[in-house]
Amino acid sequence: MTEAILLVGGKGTRLRPLTVHTPKPMVPAAGVPFLTHQLARARAAGVEHIVLATSYLAEVFEPYFGDGSALGLHIEYVTEEEPLGTGGAIRNVASRLRSGPDEPVLVFNGDILTGLDIGALVRTHETSGADVSLHLTQVSDPRAYGLVPTDDTGRVLAFLEKPQTPEEIVTDQINAGAYVFRRSVIDTIPAGRVVSVERETFPGLLEAGAHLQGMVDSTYWLDLGTPAAFVRGSADLVLGKAPSPAVPGRCGDRLVLPTARVAPDARLEGGTVVGEGAFVAEGARVFGSTILPGAVIEPGAVVTDSLVGTRARVGERAVLTGAVIGDGAVVGARNELREGVRVWCDARIPAGAVRFSSDQ
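Since the structure is predicted, the reported quantities are computational estimates derived from the model, not experimental observations.

The rules we used
Residues numbered from 1 in each chain as written. Predicted model: local features only at pLDDT ≥ 70, side-chain atom pairs only at ≥ 80, totals over all residues. Heavy atoms only, no water. UniProt positions renumbered as here; feature names shortened; annotations may be inferred. Helix = DSSP H or I, 4+ residues; strand = E, 2+ residues; numbered from the N terminus. Pairing = 2+ DSSP bridges. Contact = heavy atoms within 4.5 Å. Axes fitted to C-alpha atoms, helices over the stretch in contact; angles between N-to-C directions. Expected span 1.5 Å × (residues − 1). Buried < 20%, exposed > 50% of the residue type's maximum accessible area, 1.4 Å probe, protein only.

Quick look at the UniProt feature "domain: Mannose-1-phosphate guanyltransferase C-terminal" (unreviewed entry) in the chain
Here's step 1: Residues given the UniProt feature "domain: Mannose-1-phosphate guanyltransferase C-terminal" (unreviewed entry) here are residues 252-332.
Here's step 2: Taken as a whole, residues 252-332 contains 0% helix and 42% strand, while its terminal C-alpha atoms sit 31 Å from one another.

Structural notes on the sheet that holds strand E27 (residues 342-343)
Here's step 1: Ordered by their spatial adjacency, 6 strands build an open sheet running E12-E15-E18-E21-E24-E27, and the pairing between neighbours is parallel. For this open sheet the edge positions go to strand E12 (254-256) and E27, each flanked by a neighbour on one side alone.
Here's step 2: With 2 bridges connecting them, strand E15 (residues 272-274) and strand E18 (residues 290-291) associate as parallel partners. Bridge pairing links Val 274 to Ile 291 in E18.
Here's step 3: Helix H7 (residues 227-239) contacts E12, E15, E18, strand E21 (307-308), strand E24 (324-325) and E27 of the sheet and is inclined by roughly 90 degrees relative to E15.

Remarks on H7
Here's step 1: Its 13 residues give H7 an end-to-end C-alpha distance of 18 Å, which sits within 8% of 18 Å, the value for a rise of 1.5 Å per residue.
Here's step 2: The element H7 is extensively covered by neighbouring structure, given that 10 of its 13 residues are classed as buried.
Here's step 3: Along H7, the residues classified as buried are Pro 227, Ala 229, Phe 230, Val 231, Gly 233, Ser 234, Ala 235, Asp 236, Leu 237 and Val 238.
Here's step 4: Remark: Gly 240 follows H7 within two positions and exhibits a positive phi of approximately 90 degrees.

Comments concerning helix H3 (residues 85-92)
Here's step 1: Along H3, the positions that sit buried rather than exposed are Gly 87, Gly 88, Ala 89 and Ile 90.
Here's step 2: Contact partners of the buried residues in H3: strand E1 (3-7), strand E4 (49-54), strand E6 (104-109), strand E9 (173-182), helix H5 (183-186) and helix H6 (197-207).

Quick look at the sheet that holds E1
Through backbone hydrogen bonds, the strands of a sheet pair up, either in parallel or in antiparallel fashion.
Here's step 1: If you trace the 7 strands from one edge of the open sheet to the other, you get E5-E4-E1-E6-E9-E8-E10, paired in mixed fashion. The open sheet terminates on both sides in strands that have one partner only, identified here as strand E5 (74-79) and strand E10 (212-216). Across this sheet, the average inter-strand angle for adjacent strands is 25 degrees, counted without regard to direction.
Here's step 2: Across the sheet, H6 lies against E6, strand E8 (132-138), E9 and E10, angled at about 65 degrees from E9, the strand it touches most.

Some remarks on unusual backbone geometry
A negative phi angle characterises most non-glycine residues, just as the trans form characterises most peptide bonds.
Here's step 1: Cis rather than trans, the peptide bond between Arg 16 and Pro 17 has omega equal to 15 degrees.
Here's step 2: Structurally, the position occupied by Pro 17 is in the loop between E1 and strand E2 (28-29).
Here's step 3: Positioned with a positive phi, Ala 30 is a non-glycine residue whose angle comes to about 55 degrees.
Here's step 4: Topologically, Ala 30 is positioned in the loop between E2 and strand E3 (32-33).
Here's step 5: Overall, the relative accessible area of 1% leaves Ala 30 in the buried class.

Structure below.
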């Protein structure tokens, strides 16, 4: 297998304000755009030609990755004028594929961090003779996902909507967002309209008697669709829990990019990333967080499981827990921001304006 499609056109609405100025796959994780990790893992698995299916902020991708030669790849870009869904996006790039009708084409969702053995998925596809093969993963609580039961040989039996009752949970296997298509199957997806592979293409193929094969690989898997998940994924890349050849440094408790500055007595732990040109001042403590380029963490601030956007500022002795601070925002001194708060880009929070404890 030498080519793949990466679906990177989503608006990333669940990740806002991170995605106000940046498409979701380009938000930095472990020091580089998240898409870099996917591209590097695909290349390590033998993929040579990749088509990026872009839509939202499509103009950002090509200036960064160019023709892909820096990663040992040949990258092409196809932009949807109107969003076409997962299936529509796959069909929209079909003219750029080079594979023969029976050859495999790998398809990735652009927001999944996984330790999937890509080669094993391709071998499963080839040995089973499937029309489409799906990476399945097992989750402890499948209620938030569509279920994909299989028989003893791994052949897919059905695609079930999110279960509403305990009786409807017939398996813990879910669609993990990576597929191998027989090239000719891609041409059967309707062109020029919105198509969902999950809700239309796969169930339709199954109803028509096509062979869909599932491969369960329950190594590391994380949907980076929410800010909390994105911060966790970045930390796991730094800690080495999630594999990637693209992490720009050795795995460990912290990753400090070359032009970042960290005060000698500042404490960085838990997979924290400090981006290019960022500054962490004296006495600051940062745990499991991502500090994007140019951001400033002032003296004595405590930042936990949070993401601080590009050129944002966290004031002296401010406390952030599970927070997302948008690009250019300023959190004044002594504020306390807790789980789930999102401060929008360029917002200003005055000193001591938000607290959960006494100001004494």
